[in-house]
Amino acid sequence: MARYGNTYQDPDPAYRDTDHPVWNRVERFVDPFEDTDRAVLPKNTWQFIAYFARQAKWPFVILLFVGGLVGAVDAALYWSVGWLIDILDNSTPETLLRDHWPALLGFLLLLLVVRAAVMVAAAIIEQQVIVPRFYTMVRWQSFRRVIEQPYAFFQDDFAGRIATKILQAGESVGDFILTSLQSLWSFLTFIVLTFAVLAALDWRMAVVVAVWGAGYAAIVRYLLPRLRAAGKNNANERSVLNGRLVDIFTNILTVKLFDTGRKEHGDVKGALGNYMGAVTHLTRMITLVRTAVAVLNGMMMSAVGVLAVQGWMAGTISTGAIAATMGLVFRLNQMSGWMMFNINGLIRAFSTVQDAVETISVEPKIRDRADAVELARTTGHIRFENVRFNYGKDDTRLFEGLDLDIAPGEKVGLVGPSGAGKSTIVSLMLRLFEPEAGRITIDGTDIADVTQVSLRRQFGVVSQEPSLLHRSLRDNIAYGRHGVSGEEIEAAARKAKAHEFILDARDPRGRRGYDAHVGERGIKLSGGQRQRVAIARVMLKDAPILILDEATSALDSEIEAAIQDNLAELMEGKTVVAIAHRLSTIAAMDRLVVVENGRIVQMGRHDELLRDEDGLYARMWTRQSGGFLSFAEAAE
Ligand SMILES: Nc1ncnc2c1ncn2[C@@H]1O[C@H](COP(=O)(O)OP(=O)(O)OP(=O)(O)O)[C@@H](O)[C@H]1O
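- By the naming in an unreviewed UniProt entry, the chain goes by ABC transporter ATP-binding protein and is assigned to Roseitalea porphyridii.

Listed below in structure tokens is the structure:
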């Protein structure tokens, strides 16, 4: 029987040929879904890069070797041209093959086999191992750390920005190492070999190359930190712009309804302008670099050329040696121009990693303790003991010495004006935030001593605006419990009065009923329909504590009445904490807790509270019922 909920989804069948016997042989070098037990990734950018590089050590060691060989083969080719010219000069068609066939064969092999083998090895490691697998490994491990961040972390950042950081981390770490090992390393090898060849011919030419190398290093050294700073600015402005665009499109309804003055045009223009400014700053640096390199290279090539011709005239350098020398320095010129782009790419990749590290390697403010225990199914006895809490604001305290004891199976309604702290009480129970002082216990165990997963297993939460994931309705309901059957999902949907509308559902891609997808590119559900799906999800979860945060606010009275019986069944034997502005929906609870400005000002049953006519509850009740609605009516 099919089971649903929290199951790993196999890759799309279209990508199954990734299990190819030949390709896989090399691709298996890196296991993208392996992980270490390190809780927080390194905060230092270099250490962050090294941390991942170590996990794919062998491909990178091979690449280091191959990168060096690329430079050596390149130098050998130019040197061979000179050698070829000299032996042609000194041979006749009759003697050429007879005297030089082994060397000529070697040259042919260099061209035909060695060069190709080195190139293919580099391509395989880069394209088959690093790009698909190593990138995925970095992204996977980054995602796993970020998802462990507490709720507040996600409230303080844009969802799109966090997602981008995870994606970018993979490619930037990979690109940085690839560029260093391939381009930079083979370039350095080439310079050293060129220097050696020229030194053997004429020490003055070697000095020219050494001076050129120092000049090149000076340009890099002077402009590198500046380029780096400009690159970081660039990445920041880009993500601000991206965040702003995503924010606008996420809140498009508000923008459509309120932004009549086209304020968003101005804001986007501002962000685009800043981004362009940062880009301009960066590109100016790049132009300066290119100019400096062009001038320096021109001087180097002319000097070596003059010295080489002088040597030929003096009879110390052969024609072939001139050809080899000029070939080497022309190649150096070509490489150095292109290396600047690579160095620029290297810096850009580094600053992107730096930027991503600031999001990915943050120490989570709330973490399971090392000795955290699994909380077994509780009876739902919740206690707040002398809890002090604010939302990181120094001046105001929301809760100061809050005490609250909710007995197992008790049904408690939290009541109070907007902003009183009702939702915060619930958030603290769920450990979405942590108290500054005091403690919260469930069945006598401090919730700070248990794993967050086992704590949240105790709770079924239906909130005012339940969010549904962009998946099928079935998966959304099955999200409540791992491995449920289709029948159980349907039974829960029936109880939550969701079954009927689900049967009629059809998403834009033609999937119907429980298979229809919800969300941005799926079917659009009304607030009430979403709440019913969320109620079905919680019914399946069957947790001992039920939190109803305005759980039925979006339902019309008819539907509400229809699911009320099932809600009563759902609440049976469970501890319930309900928040509702519509007091009539919670008037029948065992106890009402009235909160005002973070303090509990009244507690008792509905009728008891009404007796205190000047009390906050009686005043709120009178206002809502217009003074006409009796408790008997409300409790019906
Ligand atoms: N994430 C947050 N960061 C900072 N302050 C917050 C945060 N959430 C709530 N607050 C503040 O804490 C106070 C209590 O908010 P809370 O949401 O608990 O009130 P509430 O009684 O549930 O209100 P409502 O009935 O309007 O939902 C409010 O002043 C609110 O502005």
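**Side note on the UniProt feature "transmembrane region" (unreviewed entry) in the chain**
Step number 1: Under the present numbering, the feature "transmembrane region" (unreviewed entry) in UniProt falls on residues 60–81, 101–125, 184–201, 207–224, 285–306 and 312–330.
Step number 2: Across residues 60–81, the secondary structure splits into 100% helix and 0% strand, with the terminal C-alpha atoms separated by 32 Å.
Step number 3: Within residues 184–201, the helical portion is 100% and the strand portion 0%, while the C-alpha atoms at the span's ends are 26 Å from each other.

**With respect to the site of the ligand**
Step number 1: In the vicinity of the ligand, the contacting residues are Gln 155, Tyr 391, Leu 398, Gly 416, Ser 418, Gly 419, Ala 420, Gly 421, Lys 422, Ser 423 and Thr 424.
Step number 2: The biggest single contributor to the shell around the ligand is helix α11 (residues 422–429), with three residues.
Step number 3: A per-class count over the shell around the ligand returns three nonpolar, seven polar and one charged.

**As for the packing of helix α2 (residues 45–55) against helix α10 (residues 319–360)**
Describing two packed helices takes the angle between their axes plus the distance from one axis to the other.
Step number 1: Two numbers describe how α2 lies on α10: the axes approach to 9 Å, and their chain directions differ by 95 degrees. Regarding the angle of α2 to α10, the classification is roughly perpendicular. In this structure, α2 uses Thr 45, Phe 48 and Ile 49 to contact α10, whose residues at the interface are Phe 350, Val 353, Gln 354 and Val 357.
Step number 2: Of the residues belonging to the contact of α2 with α10, the class tally is five nonpolar, two polar and no charged.

**Quick word on the domain arrangement of the chain**
Step number 1: According to the domain assignment, the chain contains domain 1 (33–360) and domain 2 (371–458 + 589–636).
Step number 2: Relative to domain 2, the C-alpha centre of domain 1 lies at a distance of 58 Å.

Rules used in this analysis
Residues numbered from 1 in each chain as written. Predicted model: local features only at pLDDT ≥ 70, side-chain atom pairs only at ≥ 80, totals over all residues. UniProt positions renumbered as here; feature names shortened; annotations may be inferred. Helix = DSSP H or I, 4+ residues; strand = E, 2+ residues; numbered from the N terminus. Near = placed C-beta within 6 Å. Nonpolar A, V, L, I, M, F, W, Y, C, P; charged D, E, K, R; others polar. Axes fitted to C-alpha atoms, helices over the stretch in contact; angles between N-to-C directions. Parallel < 35°, antiparallel > 145°, perpendicular 65-115°, else oblique. Contact = placed C-beta atoms within 7 Å. Domains from an automatic or database assignment.

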